[in-house]
Amino acid sequence: LVLVVDFGAQYAQLIARRVREAKVYSEIVPHTMPVEEMLARNPQAIVLSGGPSSVYEPGAPALDPALVDGSVPVFGICYGFMAMAQALGGTVAHTGQREYGRTTVEVLEPGTILAALPDQLRSWMSHGDEVTAAPDGFTVNARSPRATVAAFENVERRLAGVQWHPEVMHSDHGQEILEHFLHEVAGCRPTWTMVNIVEEQVERIQQQIGPEGRAICGLSGGVDSAVAAALVQRAIGDRLTCVYVDHGLMRHGETEQIERDFVAATGADLVVVDAEKQFLEALAGVSEPEAKRKIIGREFIRVFEGAEADIVEREPGKVGFLVQGTLYPDVVESGGGAGASNIKSHHNVGGLPEDLQFELVEPLRTLFKDEVRLVGEQLGLPPEIVWRHPFPGPGLGIRIIGEVTRERLDILRAADAIARAELTAAGLDRDIWQFPVVLLADVRSVGVQGDGRTYGHPVVLRPVTSEDAMTADWARLPYDVLERISTRITNEVPEVNRVAVDITSKPPGTIEWE
Ligand code: XMP
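From a predicted model like this one, the values you see are computed outputs, not experimental measurements. (Residues numbered from 1 in each chain as written. Predicted model: local features only at pLDDT ≥ 70, side-chain atom pairs only at ≥ 80, totals over all residues.)

Details of the nonpolar core
Here is the rule we go by: For the purposes of this analysis, a nonpolar core is taken to be any set of buried Ala, Val, Leu, Ile, Met, Phe, Trp, Tyr and Cys residues that are connected through C-beta atoms within 7 Å. Here exposure depends only on C-beta density: within 10 Å of a residue's C-beta, 20 or more other C-beta atoms make it buried, 12 or fewer make it exposed, and intermediate numbers make it partly exposed, the C-beta atoms being placed from the backbone. Strands are runs of DSSP state E lasting at least two residues, helices are runs of H or I lasting at least four, and both sets are numbered from the N terminus onward. A pair of residues counts as a contact when their C-beta atoms, built from backbone coordinates, are separated by no more than 7 Å.
Residues Ala215, Cys217, Val227, Ala229 and Val232 are the most contacted members of the largest nonpolar core, which totals 137 residues. Looking at this core, the element that brings in the most residues is helix H6 (residues 223-236), giving ten residues. What alanine 229 contacts, discounting residues up to four positions off in sequence, is Cys217, Leu219, Leu240, Cys242, Ala268 and Val323. Residues Ala469, Met470, Ala472 and Leu477 belong to the second largest nonpolar core, which totals six residues.

Rendered as structure tokens:
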């Protein structure tokens with residue numbers, strides 16, 4: 001276990017993933033966690049993340065010197081590097097000069113962390129202060145135009161750090177630098193592999209559910225619940241019953257895909273519940289996004305309780321466990337990880353009702369999305385499921401801005417099916433992370449079609465690229481693809497007379513509109 005100490009949420013997740021790419025399991029902890037508590041978890045190494053730009057900033061998080069006393073290997077990145085330098089008696093000068101963006105780092109002494117790398121490294125920088133003197137006994141490995149000391153190490157004490165961000169793609173050889181630290185300096189063995197993840201999770205699931213327990217799993221149609229279900233299926237076989245709630249908020253053709261592809265791949269026992277009427281009644285008159293999410297989450301669990309009763313009646317034996325495809329970023333974003341703020345209540349984490357009568361089984365709770373896909377491949381799920389774009393639990397309910405009605409859902413479904421079909425036809429599915437289509441149901445605008453005036457609704461295309469949904473950029477779809485989507489939607493969906501493209505990154509926008 002490697003602990004990534006979070007001094008600023010966005011960096012920590014990326015670092016944790018890179019550590020895992022080095023085949024070493026990692027988890028994120030908040031910088032406010034007392035050092036004794038961190039050490040009690042017996043980490044093989046600790047990585048300090050980036051954070052505020054200056055250790056002199058008012059309220060800048062402090063680093064407890066006990067963390068760097070040599071009892072555990074520590075690697076500092078950016079802010080973590082400066083905090084480490086300060087705690088170890090080096091000099092951090094408050095220069096007020098920022099070095100930001102792509103910078104050339106000059107390797108002075110490769111040592112262990114920069115071993116066998118070029119003399120010059122293009123590196124992503126973002127700092128205000130400057131380490132001007134390394135702590136006693138440390139080798140200065142590199143410098144940059146605005147960082148006299150841009151990297152240092154003391155291999156005997158197993159402490160090292162870099163001023164730049166090796167975890168971002170714009171930094172050359174970043175992964176190698178992290179691996180040099182983890183494998184060579186800290187002595188971590190690269191054993192975190194997909195085979196091990198599957199074996200470990202299967203064992204954990206078996207322990208949690210026991211030899212007699214029965215579980216049900218809600219399939220949402222997405223990769224997360226499919227992989228969670230396939231894992232549990234592998235662990236307990238036909239003591240798992242999968243339930244697919246057709247809440248009426250799914251996209252065109254999705255129900256069939258689950259009934260056909262998922263069942264074919266896993267042989268799972270699947271019950272399909274048609275609950276459209278119940279969901280739409282509960283959502284009637286509701287426009288406020290958080291209210292919609294809570295209602296959908298609540299109804300979802302209610303339907304499960306009904307499904308459970310039916311399943312128990314069918315085959316006696318208590319179903320005590322509910323499988324959910326909650327991912328690590330959901331946990332972190334809901335405040336369960338790094339003290340990050342609660343941005344939206346994800347319905348599979350925050351919106352659970354208090355009278356929940358199941359014990360949760362969440363085999364993906366520690367995994368990032370890309371890891372979940374690899375686990376899915378390992379489990380033999382078909383590529384159409386493993387590589388599916390993420391789709392939110394509340395479905396199209398949060399892609400209709402305004403009240404959710406059957407008629408509006410049909411309009412959005414028709415537009416969405418066109419957008420997805422054209423994306424697939426252009427061969428772009430894997431180039432983008434997600435492609436929500438949003439119906440602005442309360443907005444109308446004037447248009448003209450044939451000889452007639454129209455007064456229809458706009459839809460917004462929201463194609464994004466992302467690595468983890470924590471940050472995202474708007475996807476630069478080719479104009480001809482956008483043109484085909486626009487022409488087809490306005491021709492084939494009579495209620496829609498305008499197609500817009502959302503060109504907001506995240507932050508400041510979120511991927512979904514609600
Ligand atoms: P945002 O809109 O917060 O979305 O940028 C980040 C990612 O999460 C998905 N999403 C959800 N997934 N239940 C889910 O299972 C939810 O309530 C939910 N809300 C958003 C969203 O599609 C994107 O991939």
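Once the structure has been displayed, the description carries forward.
Looking at the domain arrangement of the protein chain
The line we're drawing: Either an automatic procedure or a domain database provided the assignment from which the domain bounds are taken.
Here the protein chain is partitioned into domain 1 (2-185), domain 2 (194-386) and domain 3 (400-501). Put simply, the middle of domain 1 and the middle of domain 2, counted by C-alpha atoms, are 38 Å apart.

With respect to the UniProt feature "active site" (unreviewed entry) in the protein chain
The following threshold applies: UniProt positions are given in the numbering used here, feature names are shortened, and annotations may be inferred rather than shown by experiment.
Summarizing the sequence annotation, UniProt attributes the feature "active site" (unreviewed entry) to Cys78, His165 and Glu167 in the numbering used throughout. These residues run over 90 residues, yet every pair of their C-alpha atoms falls within 10.7 Å of each other. Of the residues examined, cysteine 78 has 27 C-beta atoms within 10 Å and is grouped as buried. Non-local contacts of cysteine 78, meaning those with residues more than four positions away in its chain, are made with Gly50, Ser126, His127, Gln163, Trp164 and His165. Along the chain, histidine 165 turns up in the loop between strand S11 (159-162) and helix H4 (174-185).

Structural notes on the sheet that holds strand S2 (residues 26-30)
What counts is decided by this rule: DSSP calls a pair of strands paired once it identifies at least 2 bridges connecting them. What counts as an axis is a line fitted to C-alpha atoms, over the stretch in contact for a helix, and the angles between N-to-C directions run from 0 to 180 degrees.
Strand order in the open sheet made by the nine strands is S2-S1-S3-S4-S11-S10-S9-S6-S7, with mixed pairing throughout. A single partner strand is all that each edge strand has here, and the edge strands are S2 and strand S7 (120-127). On average, each strand axis in the sheet is inclined to that of its neighbour by 30°, with strand direction left out of account. Pairing analysis gives four bridges linking strand S10 (residues 147-154) to S11, with the strands arranged antiparallel. Bridging from a neighbouring strand, glutamate 153 pairs with alanine 160 of S11. Relative to the sheet, H4 contacts strand S1 (2-6), strand S3 (45-48), strand S4 (74-77) and S11, its axis offset from that of S11 by approximately 180°.

Some points on the pairing of S3
Both faces of the sheet carry side chains from a regular strand, because those side chains alternate between them. Because side chains alternate across S3, one face comprises the buried residues Ala45 and Val47, and the other comprises Ile46 and Leu48, equally buried. Relative to S3, S1 is paired through four bridges, and the arrangement is parallel. Among the inter-strand pairings, valine 2 is bridged to a residue of S3, identified as alanine 45. Note: S3 against S4, three bridges, orientation parallel. Each bridged residue has a counterpart across the sheet, and for isoleucine 46 the counterpart in S4 is valine 74.

Section: the sheet that holds strand S14 (residues 269-274)
Pairing between the strands of a sheet comes from backbone hydrogen bonds, and it takes one of two forms, parallel or antiparallel. If you walk across this open sheet you meet the five strands as S14-S13-S12-S15-S16, and the pairing is parallel. Two strands lie at the open edges of the sheet, namely S14 and strand S16 (359-361), each paired on one side alone. Across this sheet, the average inter-strand angle for adjacent strands is 30°, counted without regard to direction. Bridge analysis of strand S12 (residues 214-219) against strand S13 (residues 240-246) gives five bridges, and the strand direction is parallel. Directly across from glycine 218, in S13, lies its bridge partner valine 243. Against the sheet, H6 contacts S12, S13, strand S15 (319-323) and S16, and its axis sits at roughly 160° relative to S12.

Notes on the pairing of S15
Of all five residues making up S15, four are buried, and the element is well covered by its neighbours. Here four bridges tie S12 to S15, and the two strands are oriented parallel to one another. Within S15, the position partnered with isoleucine 216 by the bridge is leucine 322. Here three bridges tie S15 to S16, and the two strands are oriented parallel to one another. Looking at the pairing, phenylalanine 321 lines up with glutamate 359 of S16.

Considering the UniProt feature "binding site: ATP" (unreviewed entry) in the protein chain
As recorded in UniProt, the feature "binding site: ATP" (unreviewed entry) lies at Ser220, Gly221, Gly222, Val223, Asp224, Ser225 and Ala226. Inspection of the secondary structure assignment puts valine 223 in helix H6. Contact partners of valine 223, with chain neighbours within four places excluded, come to Val372, Arg373, Gly376, Ile385, Val386 and Arg388. Judged by the 24 C-beta atoms lying within 10 Å of it, serine 225 falls in the buried class. What serine 225 contacts, discounting residues up to four positions off in sequence, is Cys217, Gly218, Leu219, Ser220 and Gly325.

Here's the deal with unusual backbone geometry
Of note, the amide linkage connecting lysine 506 to proline 507 takes the cis form, showing an omega dihedral of -10°. Among the secondary structure elements, proline 507 is positioned in the segment after strand S22 (496-501). The residue after proline 507, namely proline 508, is reached through a cis peptide bond having omega 10°. Tracing the sequence through the fold places proline 508 in the segment after S22. You will see that cysteine 78, though not glycine, has its phi angle at about 55°, which is positive. Even without a glycine there, the phi angle at histidine 173 is positive, about 60°.

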